[in-house]
Every structure is written in structure tokens, then in C-alpha cells.
Amino acid sequence: MKLAILSDIHSNLEALTVCVRHAEAHGAERFICLGDCIGYGADPAPTLRLLMALPGIVRVRGNHDEALFRPVTVRLDDIREAIDWTRAQLSEDLLRFLSEAPYVYREGDATYVHASASAPEQWTYLYGPQDIGPCLAAAGTPLTFIGHVHVPRVFYESADGVIRELEPHPDVPIPLSPRSRYVINVGSVGQPRDGNSGACYVLYDTAAGEITFHRLSYDYFATAEKIRAAGLNPRFAERLAQGR
Ligand SMILES: [Fe+2]
């Protein structure tokens with residue numbers, strides 16, 4: 001079974017569309033979304049409609065999604081503004097798709113969560129190996145897939161108990177050792193922050209026991225133009241080209 005794992009789409013319809021097409025062309029049978037479907041971008045409704053129609057879609061809650069219902073989740077004014085604008089674009093069924101999303105989803109050997117398997121509602125940022133321990137301990141599965149930081153990364157704990165990290169290369173499969181435990185940040189579909197503007201997602205091949213990160217170029221000029229036209233913060237448009 002090949003699973004496509006997407007995170008931090010942030011209402012970027014162009015980026016989501018290229019990821020979905022690529023995943024389907026590469027044999028993805030099901031899709032899992034790790035949250036932050038909305039926020040920043042100008043296409044919340046079409047983005048959610050596309051997500052809801054994906055085969056076997058499972059989604060977990062992100063902090064931007066939750067901010068639609070619990071205002072304390074997001075504190076910065078410009079993000080708050082985008083959330084209020086987003087709420088006004090969404091019909092009841094789309095709001096329900098987000099409000100009913102769980103914090104954590106477990107299936108087989110994997111845990112799926114937006115920020116961390118440890119206290120997921122606190123939206124902790126796992127930046128480096130020093131941050132990974134509580135997430136590994138709370139997950140209870142050999143694999144944990146996360147988003148939130150918008151930087152693709154693989155953290156792994158080997159038999160010696162040391163946690164290391166590796167920077168994935170696009171299109172190069174990473175075999176998963178049965179003797180290690182992993183926390184895998186799948187990067188961001190709609191707003192990468194690692195200096196690469198390409199939309200990022202992961203294909204998890206459960207039979208082969210390997211994951212592959214993909215980076216895809218898309219028309220971020222079109223996305224940026226929509227953000228400006230909607231009157232959202234122009235910085236949300238500019239950063240797409242920079243991958244910051
Ligand atoms: Fe995010």
C-alpha cells in the first residue's frame with residue numbers, strides 16, 4: 001500500500017493540486033493530511049473540497065485549523081486576520097471537516113499528528129534531535145509522521161538509544177530499519193520554509209518499508225496573486241517564492 005502524506009497545505013490549491021497529481025501518478029492509494037489545511041492562503045474552500053474527495057482521506061488537526069474554533073491557538077495579528085477571513089469563506093460542511101478532526105490518528109505501525117505525539121494540543125515545535133524524545137515516548141509506534149515546522153526531516157533512534165537526524169533528498173527512497181524508531185517531518189505542501197519553494201510531501205510504501213520525499217514546482221505566482229487580491233498580508237504571498 002502506498003500512502004501519500006501531506007501537511008501544512010495552508011489553502012494553497014496550486015501546490016496541493018500538483019502533489020495530488022504526482023502522488024496518484026506514483027501509485028498512492030490513500031491520502032493522510034497532517035493538519036494546517038488552511039491559513040495564509042486565499043483558496044480555503046477549494047483546497048478543502050479537493051482534500052475531502054481524496055481516496056481514503058484521513059486528517060488530523062493543525063493549530064491553524066483549530067484557530068477557526070479556539071482563538072487562543074494563534075496569537076499573531078496577521079495570522080489571526082487570515083483565520084477570520086478564512087472562516088468567512090467556509091460553509092458548514094467544510095468547517096465540520098476541520099472541527100471534527102482528531103489531534104492524533106494511529107494506524108498499523110504509524111502515528112499521525114500535526115506537532116508532537118506528546119501533548120499534541122500544545123503545538124510544540126520539534127526542530128532537532130534534542131526535541132524528539134517525548135514524541136517518541138508518547139507515540140507507541142515505530143513511526144510517527146509530523147508537520148508544523150514546514151521543514152522536511154527524518155529523526156531516528158537507533159539501537160544505541162541516540163537520536164540522529166537526516167536531511168532527505170527528493171525522490172530518493174529512505175529504507176526504514178525495523179530496529180529503529182522514527183519521527184518523520186513530511187515538510188509543507190503549501191508554504192515550505194527550508195529555502196526551497198517546491199511543494200513537499202511524502203510517499204510511504206508500507207510493503208517495501210520505505211519513505212520517499214518529493215519536491216514539486218508549481219505556479220506560486222498564481223497563488224501569490226490570489227493572496228494579494230484577497231487583501232491578505234502581502235508577506236504571505238512573497239514568502240512562497242523564497243520558500244521561507
Ligand atoms: Fe503550518
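Residues numbered from 1 in each chain as written. Predicted model: local features only at pLDDT ≥ 70, side-chain atom pairs only at ≥ 80, totals over all residues. Heavy atoms only, no water.

**Student:** So what about the sheet that holds strand 2 (residues 30–33)? Which residues, and what values?
**Tutor:** Strand order in the open sheet formed by six strands is 3-2-1-11-12-9, and the pairing between neighbours is mixed. Unpaired on one side and paired on the other, strand 3 (58–59) and strand 9 (174–175) mark the two borders of the sheet. Bridging between strand 9 and strand 12 (residues 210–216) involves two bridges; their strand directions are antiparallel. Across the sheet, Ile174 pairs through a bridge with Ile211, a residue of strand 12. On top of the sheet, helix 1 (residues 13–25) reaches strand 1 (2–6), strand 2, strand 11 (199–205) and strand 12; it is set at about 25° to strand 11, its chief contact. (Pairing = 2+ DSSP bridges. Helix = DSSP H or I, 4+ residues; strand = E, 2+ residues; numbered from the N terminus. Contact = heavy atoms within 4.5 Å. Axes fitted to C-alpha atoms, helices over the stretch in contact; angles between N-to-C directions.)

**Student:** Any details on empty space enclosed by the protein? Residues and values, ideally.
**Tutor:** Evaluation of the coordinates by the stated rule reveals one cavity of 30 Å³ or more. In this structure, the largest cavity encloses a volume near 40 Å³. Lining the largest cavity are His10, Asn12, Tyr40, Gly41, Gly190, Gln191, Thr223, Ile227, Phe236 and Leu240. Contributions of two or more residues to the lining of the largest cavity are made by helix 7 (220–229) and helix 8 (234–242). The residue makeup of the lining of the largest cavity, split by class, is four nonpolar, six polar and no charged. (1 Å grid on protein atoms, 1.4 Å probe; cavity = no way out; pocket = protein on both sides within 12 Å on 5 of 7 lines; lining within 4 Å. Points joined across faces, edges and corners; volume = space filled by probe spheres on them. Nonpolar A, V, L, I, M, F, W, Y, C, P; charged D, E, K, R; others polar.)

**Student:** So what's going on with the sheet that holds strand 10 (residues 181–185)? Which residues, and what values?
**Tutor:** Strand order across the open sheet formed by six strands is 4-5-6-10-7-8, with mixed pairing between neighbours. Two strands lie at the open edges of the sheet, namely strand 4 (104–107) and strand 8 (163–166), each paired on one side alone. Direction aside, neighbouring strands of the sheet carry axes that sit 20° apart on average.

**Student:** How would you summarise the side chain of Arg30 if you had to cite specific residues and measurements?
**Tutor:** Tracing the chain through its elements places Arg30 in strand 2. Reaching out from Arg30, the side chain makes a polar contact with the side chain of Glu107 at a distance of 2.8 Å. The contacts of Arg30, once residues within four sequence positions are left out, are Met1, Lys2, Leu3, Ala4, Pro55, Gly56, Val58, Tyr105 and Glu107. (Polar contact = N/O pair within 3.5 Å; in protein donor to acceptor, adjacent residues only side chain to side chain.)

**Student:** Break down helix 8 for me, with residues and values.
**Tutor:** Within helix 8 the residues assigned to the buried category are Phe236, Ala237, Arg239 and Leu240. All buried residues of helix 8 fall inside an arc of 165° around its axis, so they share one side. The N-capping residue of helix 8, defined by a side-chain oxygen 2.9 Å from the backbone nitrogen of Arg235, is Asn233. A positive backbone phi angle near 65° is found at Gly243, which sits one or two residues after helix 8. (Buried < 20%, exposed > 50% of the residue type's maximum accessible area, 1.4 Å probe, protein only. Arc of directions from axis to C-beta.)

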